[in-house]
Amino acid sequence: MEAFIEAGLKTNRGLILCGPPGTGKTLTTDALVDEVDETVIYVTTDTVTSVGEIKDIYSLARSLAPTLVIFEDIDALGGISRQVSQHPLLAEFLDALDGIQENAGVVTIASTNHPEMLDWALVDRPGRFDIRIDYDYPNTEFRIAILDKFLSVTSHDAGIDLSSLSRRCEGLSGAHLQEIVSQAGLISYEHHGGEEFTILEEHLDEALNRILYNRARYLEERQILPPGDDDSGMVG
């Protein structure tokens, strides 16, 4: 902060993390919270329920600066958008981010699953959210690493072909991959009569089929897949 002030640069910044659920936005903010020694104010939909509370949050943030203010799932605050309706918190939020009062030493990080629903004045106006970081579904190599990470903390067969499994997991998030391993453990426990949790490749295949089935149905309901087009990738 001292270097920025000396260089005549602003010390208030805004970052917005965009991407589908389960791709790592919350993990990023968790990692940042673990790294910084400064004040952190964590805002959820339960925190902000009426007009005036966002103003109070930024008043507190300025008084405790340097401060990191985190808005988890900002779109869940009602959209913060005029696309849906005149949102009562929008004007207050715009003013808090870049209004009359200078937010020196306050960095705001927000995450959203639906950046298209956020108001244009919020995301395209410099001085509010200056940097956008997009999260996508992991590629093949990354999926192998994620599966290996979650398998490493549980009992499993050493001969599991993670490369083959990863190829079938294209389009799934890290959260999906974690759930595949978790469900595989439960399937293993059931298959072994409640005696052990050792995960075999067949257990992972069955767990993956469940995830792909659920996902195909959800995508169809949202008209991302045409009705009857089974893109679940299930094996016989």
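Note: the structure precedes this text.
Now for a description of the structure that goes with this document. Here the structure is a predicted model, which means the values were calculated and not measured.

## Observations regarding the overall build of the protein chain
Now for step 1: Tallying secondary structure elements over the protein chain gives nine helices and five strands in all.
Now for step 2: Order of helices (α) and strands (β) in the protein chain, N terminus to C terminus: α-β-α-β-α-β-α-β-α-β-α-α-α-α.
Now for step 3: Considering only contacts in the protein chain between residues 6 or more positions apart, those separated by 24 or more positions represent 72%.
Now for step 4: Carbon and sulfur atoms form 52% of the exposed surface of the protein chain, whose accessible area is close to 13,100 Å².

## Let's talk about the packing of aromatic side chains
Now for step 1: Within this structure, the stated rule accounts for four aromatic pairs.
Now for step 2: Ring plane angle 15 degrees and centroid distance 6.3 Å describe the contact between Tyr58 and Phe71, whose orientation is recorded as stacked. With Tyr58 in helix H3 (residues 53–63) and Phe71 in strand S3 (residues 67–71), the pair connects residues that are 13 residues apart, well separated along the chain. Across this residue pair, the class does not change: Tyr58 and Phe71 are buried.

## So, the packing of helix H8 (residues 174–191) against helix H9 (residues 201–221)
Geometrically, a packed helix pair is captured by the angle between its two axes and the distance between the axes.
Now for step 1: Relative to each other, H8 and H9 sit at 125 degrees, their axes nearing to 8 Å. The orientation of H8 relative to H9 falls into the category oblique. Note that H8 runs across H9; the crossing there is right-handed. Facing His176, Glu179, Ile180, Val181, Gln183, Ala184, Ile187, Ser188 and His191 of H8, the residues of H9 in contact are Glu202, His203, Leu204, Glu206, Ala207, Leu208, Arg210, Ile211 and Arg215.
Now for step 2: Across the contact of H8 with H9, the residue classes tally to eight nonpolar, five polar and five charged.

## A closer look at helix H4 (residues 90–98)
Now for step 1: Looking at H4, one finds that the buried residues are Leu90, Glu92, Phe93, Leu94, Ala96 and Leu97.
Now for step 2: Lining the buried residues of H4 we find H3, S3, strand S4 (106–112) and helix H5 (120–123).

## Structural notes on the nonpolar core
Now for step 1: Judged by nonpolar contacts, the single largest core of 23 residues is most densely connected at Tyr58, Val69, Phe71, Ile74, Phe93, Leu122 and Phe129.
Now for step 2: Mapped onto this core, the elements with two or more residues apiece are strand S1 (13–18), strand S2 (39–43), H3, S3, H4 and S4.
Now for step 3: Excluding anything up to four places from it in sequence, Tyr58 contacts Val69, Phe71, Phe93, Ala96, Leu97, Asn103, Val106 and Thr108.
Now for step 4: By size, the runner-up hydrophobic cluster in this structure holds 19 residues, among which are Leu165, Ala207, Leu208 and Ile211.

## Here's the deal with the pairing of S3
Now for step 1: Within S3, five of the five residues are buried, which leaves it mostly tucked inside the rest of the structure.
Now for step 2: Residues Thr67, Val69 and Phe71 line one face of S3 and the alternating positions Leu68 and Ile70 line the opposite face, and both faces are buried.
Now for step 3: Bridge count for S2 against S3 is five bridges, and the pairing is parallel. Within S3, the position partnered with Ile41 by the bridge is Val69.
Now for step 4: As paired elements, S3 and S4 share five bridges and run parallel to each other. Its bridge partner lying in S4, Thr67 is registered against Val106.

## Regarding the side chain of Ser111
Now for step 1: By the secondary structure assignment, Ser111 is in strand S4.
Now for step 2: When its relative accessible area of 1% is taken as the criterion, Ser111 is described as buried.
Now for step 3: Those residues in contact with Ser111 that sit more than four places away from it in its chain are Leu17, Lys25, Phe71, Glu72, Asp73, Ile74 and Asp75.

Conventions we followed
- Residues numbered from 1 in each chain as written.
- Predicted model: local features only at pLDDT ≥ 70, side-chain atom pairs only at ≥ 80, totals over all residues.
- Heavy atoms only, no water.
- Helix = DSSP H or I, 4+ residues; strand = E, 2+ residues; numbered from the N terminus.
- Contact = heavy atoms within 4.5 Å.
- Areas by Shrake-Rupley, 256 points an atom, 1.4 Å probe, with all protein chains shown as cover.
- Phe/Tyr/Trp six-rings, centres within 6.5 Å; stacked < 30°, edge-to-face > 60°.
- Buried < 20%, exposed > 50% of the residue type's maximum accessible area, 1.4 Å probe, protein only.
- Axes fitted to C-alpha atoms, helices over the stretch in contact; angles between N-to-C directions.
- Parallel < 35°, antiparallel > 145°, perpendicular 65-115°, else oblique.
- Left-handed = near helix turned anticlockwise from the far one by under 90°.
- Nonpolar A, V, L, I, M, F, W, Y, C, P; charged D, E, K, R; others polar.
- Core = buried A, V, L, I, M, F, W, Y, C linked by side-chain atoms within 4.5 Å.
- Pairing = 2+ DSSP bridges.

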